[in-house]
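Given next are the chains, with one letter for each unit.
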Amino acid sequence: MAYKETMGKVIAIANQKGGVGKTTTTVNLAASLAIGERRTLVIDFDPQGNASSALGVDRESLVGKPTIYHALIGQVPLSQAIYPTGIDCLSVAPANGDLTGAEIELVTAFAREGKLKAAIAEIKAQYDYILIDCPPSLGMLTVNAMTAADSFLVPLQCEYFALEGLSQLLHTVSLVKQSLNPKITEEGILLTMFDGRNNLANEVVREVRTHFAGKVFDTIVPRNVRLSECSSFGKPILLYDIDSKGCLAYLNLAKEVLSRNQPQAGLSSEAPAPEQASGILAL
Ligand SMILES: Nc1ncnc2c1ncn2[C@@H]1O[C@H](COP(=O)(O)OP(=O)(O)OP(=O)(O)O)[C@@H](O)[C@H]1O
Ligand SMILES: [Mg+2]
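Residues numbered from 1 in each chain as written. Chains lettered and ligands numbered in written order. Predicted model: local features only at pLDDT ≥ 70, side-chain atom pairs only at ≥ 80, totals over all residues.

## Focus: helix α6 (residues 140-148)
Note on helix geometry: an α-helix contains 3.6 residues per turn, so any two residues three or four positions apart are oriented the same way. How we decide: Field definition: a residue is buried when 20 or more other C-beta atoms are found within 10 Å of its C-beta, exposed when 12 or fewer are, and partly exposed for counts in between, with C-beta atoms placed from the backbone. Numbering of helices and strands runs from the N terminus; a helix is a DSSP stretch of H or I covering at least four residues, while a strand is a stretch of E covering at least two. In this description, any two residues whose backbone-derived C-beta atoms lie within 7 Å of each other are considered to be in contact.
The element α6 is extensively covered by neighbouring structure, given that nine of its nine residues are classed as buried. Three or more residues of α6 are buried, namely M140, L141, T142, V143, N144, A145, M146, T147 and A148. Close packing links the buried residues of α6 with β1 (9-13), α4 (98-105), α5 (115-121), β5 (129-133), β6 (151-157) and α7 (166-179).

## Remarks on the sheet that holds strand β3 (residues 83-84)
The condition that has to hold: Strands are labelled as partners when DSSP assigns at least two bridges between them. Only the contacting stretch of a helix is used when fitting its axis, a line to C-alpha atoms as for every element, and angles between N-to-C directions run 0 to 180 degrees.
Spatially, eight strands are ordered β3-β4-β2-β5-β1-β6-β7-β8 in an open sheet, and the strand pairing comes out mixed. The sheet is open, and its two borders are formed by β3 and β8 (216-222), each paired with just one other strand. Of the strand pairs in this sheet, strand β2 (residues 40-44) and strand β4 (residues 90-93) are connected by four bridges, and their pairing is parallel. Opposite L41, over in β4, you have S91 as the bridge partner. Packed on one face of the sheet, helix α11 (residues 245-261) meets β1, β7 (185-194) and β8 and runs near 165° to β8.

## Some thoughts on the site of ligand 1
Put simply, the rule is: In this analysis a residue is considered near a molecule or strand if the C-beta atom, reconstructed from its backbone, is found within 6 Å of that molecule or strand. Note on residue classes: Ala, Val, Leu, Ile, Met, Phe, Trp, Tyr, Cys and Pro are nonpolar, Asp, Glu, Lys and Arg are charged, and everything else, Gly too, is polar.
Every one of the 20 residues lining ligand 1 counts as a neighbour, but K22, T23, T24, P136 and S228 are closest to it. Contributing elements (two or more residues each) for the shell around ligand 1: α1 (22-35), β7 and α9 (225-232). For the shell around ligand 1, a count of residues per class yields five nonpolar, 12 polar and three charged.

## Brief notes about the nonpolar core
Inside soluble globular proteins, nonpolar side chains tend to come together where they are buried. Basically, it comes down to this: Note on terminology: a nonpolar core is any set of buried Ala, Val, Leu, Ile, Met, Phe, Trp, Tyr and Cys residues joined through C-beta atoms within 7 Å.
With 84 residues, the main nonpolar core has A12, I68, I132, A145, M146, A149 and F152 as its most contacted residues. Discounting residues that sit within four places of it in the chain, I132 has contacts with V10, A12, I13, I43, F45, A145, A148 and A149.

## Here we look at unusual backbone geometry
One non-glycine residue, E37, lies in positive phi territory at about 65°. Mapped onto the elements, E37 comes out in the loop between α1 and β2. In this structure E37 comes out as partly exposed when scored by C-beta crowding, with 14 C-beta atoms within 10 Å. The phi dihedral of A111 is positive, around 50°, even though this residue is not glycine. Position of A111 among the secondary structure elements: in the loop between α4 and α5. Of the residues examined, A111 has 11 C-beta atoms within 10 Å and is grouped as exposed.

## Details of the packing of α1 against α11
Quick reminder of the rule: Reported orientations rely on four angle classes, namely roughly parallel under 35 degrees, roughly antiparallel over 145, roughly perpendicular from 65 to 115, and oblique for the rest. Left-handed describes a crossing whose near helix is turned anticlockwise from the far helix by less than a right angle; the clockwise case is right-handed.
In contact at an axis separation of 8 Å, α1 and α11 are set at 70° when each is read in the N-to-C sense. One finds that α1 runs roughly perpendicular with respect to α11. Crossing of α1 against α11: the hand is right-handed. On α11, the residues that touch N28, L29, S32 and L33 of α1 are Y250, L251, L253, A254 and V257. Partitioned by chemical class, the residues of the contact of α1 with α11 number seven nonpolar, two polar and no charged.

## A word on α11
Keep this limit in mind: By this rule, a helix spans an expected 1.5 Å times one less than how many residues it contains.
For α11, which comprises 17 residues, the first-to-last C-alpha distance of 24 Å matches the rise-based estimate of 24 Å (1.5 Å per residue) to within 8%. In terms of burial, α11 is a largely internal element, 14 of the 17 residues being buried.

## Quick look at the pairing of β1
On any regular strand, side chains alternate: one points to one face of the sheet, the next to the other face. Burial within β1 is extensive, with five of its five residues counted as buried. Of the two faces of β1, the one lined by K9, I11 and I13 and the one lined by V10 and A12 are each fully buried. As paired strands, β1 and β5 are joined by five bridges and run parallel to one another. Residue V10 lies in a different strand from β5, and its bridge partner there is I130.

Read these as spatial facts, not as claims about activity.
This is how it looks when you write it as C-alpha coordinates:
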(Lines give C-alpha, C1' and ligand atoms only; values in the text may rest on other atoms or scores of the structure.)
(Ligands and ions follow the chains in the order given, each with its own letter.)
Protein backbone atom coordinates (compact mmCIF):
# COMPACT_ATOMS: atom_id res chain seq x y z
CA MET A 1 0.00 0.00 0.00
CA ALA A 2 1.20 3.48 -0.82
CA TYR A 3 1.27 6.52 1.44
CA LYS A 4 -1.56 7.37 3.79
CA GLU A 5 -1.51 11.12 3.43
CA THR A 6 -5.07 11.98 4.38
CA MET A 7 -7.82 10.46 6.42
CA GLY A 8 -10.96 10.72 4.40
CA LYS A 9 -10.42 14.02 2.66
CA VAL A 10 -13.82 15.15 1.42
CA ILE A 11 -13.82 17.09 -1.88
CA ALA A 12 -17.01 18.60 -3.29
CA ILE A 13 -17.02 18.90 -7.09
CA ALA A 14 -19.28 21.87 -7.66
CA ASN A 15 -20.49 24.35 -10.25
CA GLN A 16 -24.12 25.31 -10.55
CA LYS A 17 -23.73 25.56 -14.30
CA GLY A 18 -24.97 22.43 -16.04
CA GLY A 19 -22.82 20.21 -18.22
CA VAL A 20 -19.40 21.60 -17.32
CA GLY A 21 -17.84 18.23 -16.45
CA LYS A 22 -18.62 17.79 -12.73
CA THR A 23 -19.69 14.17 -13.02
CA THR A 24 -17.00 13.22 -15.54
CA THR A 25 -14.41 14.76 -13.23
CA THR A 26 -15.78 13.13 -10.07
CA VAL A 27 -15.91 9.65 -11.61
CA ASN A 28 -12.57 9.76 -13.42
CA LEU A 29 -10.59 11.54 -10.72
CA ALA A 30 -11.98 9.03 -8.22
CA ALA A 31 -11.06 6.08 -10.46
CA SER A 32 -7.54 7.47 -10.95
CA LEU A 33 -7.05 7.93 -7.19
CA ALA A 34 -8.32 4.39 -6.60
CA ILE A 35 -5.92 2.95 -9.18
CA GLY A 36 -3.23 4.66 -7.12
CA GLU A 37 -4.46 2.54 -4.18
CA ARG A 38 -6.26 5.34 -2.39
CA ARG A 39 -9.47 4.06 -0.81
CA THR A 40 -11.95 6.25 -2.60
CA LEU A 41 -15.70 6.83 -2.30
CA VAL A 42 -17.87 8.69 -4.79
CA ILE A 43 -21.00 10.20 -3.29
CA ASP A 44 -23.52 10.82 -6.04
CA PHE A 45 -25.36 13.88 -4.78
CA ASP A 46 -27.34 14.62 -7.92
CA PRO A 47 -30.85 13.20 -8.39
CA GLN A 48 -29.92 12.66 -12.09
CA GLY A 49 -27.78 9.75 -10.83
CA ASN A 50 -25.20 10.20 -13.58
CA ALA A 51 -22.18 9.37 -11.43
CA SER A 52 -23.88 6.17 -10.25
CA SER A 53 -24.60 4.96 -13.77
CA ALA A 54 -21.15 6.01 -14.97
CA LEU A 55 -19.78 3.67 -12.30
CA GLY A 56 -21.99 0.80 -13.37
CA VAL A 57 -24.74 1.18 -10.75
CA ASP A 58 -27.89 1.68 -12.78
CA ARG A 59 -31.38 2.72 -11.80
CA GLU A 60 -32.85 -0.79 -12.00
CA SER A 61 -30.24 -2.32 -9.72
CA LEU A 62 -31.17 0.20 -7.01
CA VAL A 63 -34.86 -0.62 -6.78
CA GLY A 64 -35.68 -1.33 -3.13
CA LYS A 65 -32.08 -0.72 -2.06
CA PRO A 66 -30.77 2.12 0.13
CA THR A 67 -29.23 5.12 -1.65
CA ILE A 68 -27.64 8.36 -0.48
CA TYR A 69 -31.19 9.70 -0.03
CA HIS A 70 -31.94 7.16 2.72
CA ALA A 71 -28.65 7.98 4.46
CA LEU A 72 -29.31 11.71 4.16
CA ILE A 73 -32.69 11.54 5.85
CA GLY A 74 -31.28 9.24 8.53
CA GLN A 75 -33.16 6.11 7.52
CA VAL A 76 -29.99 4.02 7.21
CA PRO A 77 -26.36 4.59 8.12
CA LEU A 78 -24.32 5.66 5.09
CA SER A 79 -22.33 2.41 5.25
CA GLN A 80 -25.49 0.57 4.13
CA ALA A 81 -25.81 2.72 1.02
CA ILE A 82 -22.31 2.06 -0.33
CA TYR A 83 -21.72 -0.32 -3.25
CA PRO A 84 -18.59 -1.70 -4.95
CA THR A 85 -17.55 -0.73 -8.50
CA GLY A 86 -15.42 -2.36 -11.19
CA ILE A 87 -12.30 -0.92 -9.51
CA ASP A 88 -11.03 -2.45 -6.27
CA CYS A 89 -10.45 0.62 -4.13
CA LEU A 90 -13.45 2.52 -5.49
CA SER A 91 -16.98 2.49 -4.02
CA VAL A 92 -20.07 4.56 -4.70
CA ALA A 93 -22.97 5.86 -2.64
CA PRO A 94 -25.50 6.11 -5.47
CA ALA A 95 -28.40 8.47 -6.06
CA ASN A 96 -31.61 8.39 -8.02
CA GLY A 97 -34.70 10.57 -8.39
CA ASP A 98 -35.59 10.03 -4.71
CA LEU A 99 -32.93 12.59 -3.84
CA THR A 100 -35.08 15.35 -5.34
CA GLY A 101 -37.45 14.85 -2.41
CA ALA A 102 -34.69 15.55 0.10
CA GLU A 103 -34.52 19.23 -0.93
CA ILE A 104 -38.12 19.62 0.24
CA GLU A 105 -38.12 17.14 3.11
CA LEU A 106 -35.11 18.77 4.73
CA VAL A 107 -36.58 22.28 4.69
CA THR A 108 -38.03 21.93 8.17
CA ALA A 109 -35.37 19.57 9.55
CA PHE A 110 -33.15 20.60 12.42
CA ALA A 111 -29.55 21.35 11.32
CA ARG A 112 -30.60 20.51 7.78
CA GLU A 113 -27.37 21.78 6.19
CA GLY A 114 -25.30 19.33 8.25
CA LYS A 115 -27.10 16.12 7.29
CA LEU A 116 -24.52 14.88 4.78
CA LYS A 117 -21.63 15.79 7.08
CA ALA A 118 -23.26 13.76 9.87
CA ALA A 119 -23.81 10.80 7.54
CA ILE A 120 -20.19 10.89 6.32
CA ALA A 121 -18.75 11.04 9.86
CA GLU A 122 -19.48 7.33 10.37
CA ILE A 123 -17.41 6.17 7.37
CA LYS A 124 -14.87 8.99 6.89
CA ALA A 125 -11.93 7.14 8.42
CA GLN A 126 -12.40 4.18 6.09
CA TYR A 127 -11.45 6.22 3.04
CA ASP A 128 -8.54 8.29 1.82
CA TYR A 129 -10.69 10.41 -0.51
CA ILE A 130 -14.43 11.04 -0.64
CA LEU A 131 -15.60 12.90 -3.76
CA ILE A 132 -19.06 14.44 -3.87
CA ASP A 133 -20.66 14.99 -7.28
CA CYS A 134 -22.91 18.05 -6.79
CA PRO A 135 -26.04 18.83 -8.79
CA PRO A 136 -26.16 21.86 -11.12
CA SER A 137 -27.73 24.20 -8.56
CA LEU A 138 -26.84 26.07 -5.40
CA GLY A 139 -29.69 24.63 -3.36
CA MET A 140 -29.83 22.56 -0.20
CA LEU A 141 -27.94 19.62 -1.68
CA THR A 142 -24.93 21.70 -2.75
CA VAL A 143 -24.94 23.53 0.60
CA ASN A 144 -24.95 20.14 2.37
CA ALA A 145 -22.01 19.05 0.20
CA MET A 146 -20.08 22.25 0.95
CA THR A 147 -20.79 21.85 4.65
CA ALA A 148 -19.46 18.29 4.61
CA ALA A 149 -16.41 19.08 2.46
CA ASP A 150 -12.81 19.76 3.42
CA SER A 151 -12.31 21.41 0.03
CA PHE A 152 -14.09 22.15 -3.22
CA LEU A 153 -13.03 21.70 -6.82
CA VAL A 154 -14.65 23.75 -9.59
CA PRO A 155 -14.72 22.38 -13.13
CA LEU A 156 -14.89 25.20 -15.70
CA GLN A 157 -15.72 24.50 -19.30
CA CYS A 158 -13.37 26.26 -21.74
CA GLU A 159 -16.05 28.32 -23.45
CA TYR A 160 -17.12 31.92 -23.72
CA PHE A 161 -19.29 32.16 -20.62
CA ALA A 162 -17.01 30.00 -18.48
CA LEU A 163 -16.74 32.52 -15.66
CA GLU A 164 -20.42 33.37 -15.66
CA GLY A 165 -21.94 32.33 -12.35
CA LEU A 166 -18.58 31.68 -10.72
CA SER A 167 -18.91 34.68 -8.40
CA GLN A 168 -22.30 33.38 -7.28
CA LEU A 169 -20.72 30.01 -6.52
CA LEU A 170 -17.88 31.64 -4.57
CA HIS A 171 -20.39 33.77 -2.68
CA THR A 172 -22.26 30.64 -1.62
CA VAL A 173 -19.00 29.05 -0.50
CA SER A 174 -18.12 32.15 1.51
CA LEU A 175 -21.52 32.06 3.25
CA VAL A 176 -20.95 28.39 4.08
CA LYS A 177 -17.48 29.27 5.31
CA GLN A 178 -18.78 32.03 7.58
CA SER A 179 -21.38 29.96 9.33
CA LEU A 180 -21.46 26.25 8.61
CA ASN A 181 -17.96 25.14 7.68
CA PRO A 182 -15.14 27.61 8.49
CA LYS A 183 -12.46 25.06 7.52
CA ILE A 184 -13.41 24.57 3.88
CA THR A 185 -10.52 25.31 1.49
CA GLU A 186 -10.13 25.39 -2.27
CA GLU A 187 -8.78 22.37 -4.06
CA GLY A 188 -8.64 24.36 -7.29
CA ILE A 189 -10.23 25.21 -10.62
CA LEU A 190 -10.12 22.59 -13.36
CA LEU A 191 -10.40 23.60 -17.00
CA THR A 192 -12.44 21.03 -18.93
CA MET A 193 -13.47 20.19 -22.49
CA PHE A 194 -10.55 22.11 -23.97
CA ASP A 195 -10.29 22.16 -27.75
CA GLY A 196 -6.91 23.58 -28.78
CA ARG A 197 -8.11 24.33 -32.33
CA ASN A 198 -10.56 26.81 -30.94
CA ASN A 199 -9.02 30.27 -30.41
CA LEU A 200 -11.69 31.14 -27.91
CA ALA A 201 -10.78 28.13 -25.75
CA ASN A 202 -7.15 29.30 -25.67
CA GLU A 203 -8.32 32.76 -24.69
CA VAL A 204 -10.47 31.36 -21.88
CA VAL A 205 -7.50 29.40 -20.52
CA ARG A 206 -5.35 32.56 -20.54
CA GLU A 207 -8.05 34.62 -18.89
CA VAL A 208 -8.80 32.09 -16.15
CA ARG A 209 -5.10 31.56 -15.42
CA THR A 210 -4.57 35.34 -15.16
CA HIS A 211 -7.66 35.97 -13.09
CA PHE A 212 -7.06 33.06 -10.70
CA ALA A 213 -3.28 32.89 -10.78
CA GLY A 214 -1.91 29.89 -8.89
CA LYS A 215 -5.40 28.58 -8.30
CA VAL A 216 -5.90 26.58 -11.47
CA PHE A 217 -4.75 22.99 -11.93
CA ASP A 218 -1.92 22.58 -14.45
CA THR A 219 -3.88 19.72 -15.95
CA ILE A 220 -6.38 20.76 -18.60
CA VAL A 221 -8.93 18.14 -19.60
CA PRO A 222 -9.21 18.03 -23.40
CA ARG A 223 -12.46 17.54 -25.25
CA ASN A 224 -12.24 13.81 -25.84
CA VAL A 225 -15.01 11.67 -27.25
CA ARG A 226 -13.82 8.61 -25.30
CA LEU A 227 -14.67 10.47 -22.08
CA SER A 228 -18.24 11.01 -23.20
CA GLU A 229 -18.57 7.41 -24.42
CA CYS A 230 -17.30 5.62 -21.35
CA SER A 231 -20.09 6.71 -19.02
CA SER A 232 -22.72 5.15 -21.25
CA PHE A 233 -20.85 1.87 -20.79
CA GLY A 234 -20.92 2.31 -17.01
CA LYS A 235 -17.15 2.51 -16.85
CA PRO A 236 -14.56 5.08 -15.87
CA ILE A 237 -12.20 5.96 -18.71
CA LEU A 238 -9.45 3.84 -17.11
CA LEU A 239 -11.46 0.69 -17.81
CA TYR A 240 -12.70 1.88 -21.20
CA ASP A 241 -9.72 3.41 -22.99
CA ILE A 242 -6.57 3.66 -20.96
CA ASP A 243 -4.65 5.11 -23.92
CA SER A 244 -6.96 8.06 -24.49
CA LYS A 245 -6.00 11.67 -23.89
CA GLY A 246 -8.94 11.95 -21.50
CA CYS A 247 -7.59 9.11 -19.38
CA LEU A 248 -4.12 10.65 -19.25
CA ALA A 249 -5.60 14.00 -18.19
CA TYR A 250 -7.46 12.51 -15.24
CA LEU A 251 -4.41 10.50 -14.17
CA ASN A 252 -2.43 13.74 -14.22
CA LEU A 253 -5.14 15.49 -12.24
CA ALA A 254 -4.98 12.72 -9.62
CA LYS A 255 -1.23 13.20 -9.44
CA GLU A 256 -1.74 16.92 -8.81
CA VAL A 257 -4.36 16.29 -6.14
CA LEU A 258 -2.08 13.76 -4.44
CA SER A 259 0.90 16.06 -4.49
CA ARG A 260 -1.17 18.92 -3.03
CA ASN A 261 -2.24 16.60 -0.22
CA GLN A 262 1.04 14.78 0.38
CA PRO A 263 3.79 17.32 -0.20
CA GLN A 264 6.52 14.99 1.07
CA ALA A 265 5.71 12.07 -1.17
CA GLY A 266 8.15 13.05 -3.91
CA LEU A 267 5.84 12.41 -6.84
CA SER A 268 7.17 13.80 -10.08
CA SER A 269 4.13 16.01 -10.60
CA GLU A 270 4.61 19.54 -11.80
CA ALA A 271 1.75 20.72 -9.66
CA PRO A 272 2.15 24.05 -7.87
CA ALA A 273 3.69 24.00 -4.42
CA PRO A 274 1.20 23.49 -1.59
CA GLU A 275 1.54 27.08 -0.38
CA GLN A 276 0.43 28.25 -3.84
CA ALA A 277 -2.47 25.87 -3.78
CA SER A 278 -3.92 27.11 -0.51
CA GLY A 279 -5.78 30.34 0.06
CA ILE A 280 -6.92 30.09 -3.49
CA LEU A 281 -10.07 31.88 -4.40
CA ALA A 282 -9.67 34.63 -1.81
CA LEU A 283 -12.66 33.60 0.24
N1 LIG B 1 -13.59 16.27 -21.61
C2 LIG B 1 -14.73 15.92 -22.22
N3 LIG B 1 -14.73 15.66 -23.55
C4 LIG B 1 -15.87 15.32 -24.18
N5 LIG B 1 -17.06 15.21 -23.57
C6 LIG B 1 -17.12 15.45 -22.25
C7 LIG B 1 -15.95 15.82 -21.50
N8 LIG B 1 -16.31 16.01 -20.22
C9 LIG B 1 -17.63 15.77 -20.15
N10 LIG B 1 -18.12 15.45 -21.37
C11 LIG B 1 -19.52 15.16 -21.72
O12 LIG B 1 -20.26 16.38 -21.57
C13 LIG B 1 -21.50 16.13 -20.94
C14 LIG B 1 -21.56 16.89 -19.62
O15 LIG B 1 -20.56 16.38 -18.76
P16 LIG B 1 -20.89 16.03 -17.24
O17 LIG B 1 -22.11 15.18 -17.15
O18 LIG B 1 -19.64 15.51 -16.63
O19 LIG B 1 -21.18 17.49 -16.70
P20 LIG B 1 -21.93 17.90 -15.36
O21 LIG B 1 -21.37 19.22 -14.97
O22 LIG B 1 -21.86 16.81 -14.37
O23 LIG B 1 -23.43 18.05 -15.86
P24 LIG B 1 -24.71 18.30 -14.92
O25 LIG B 1 -24.64 19.73 -14.53
O26 LIG B 1 -25.89 17.98 -15.81
O27 LIG B 1 -24.62 17.37 -13.76
C28 LIG B 1 -21.61 14.63 -20.78
O29 LIG B 1 -22.30 14.10 -21.87
C30 LIG B 1 -20.17 14.17 -20.79
O31 LIG B 1 -20.04 12.84 -21.26
MG1 LIG C 1 -23.42 15.86 -13.32
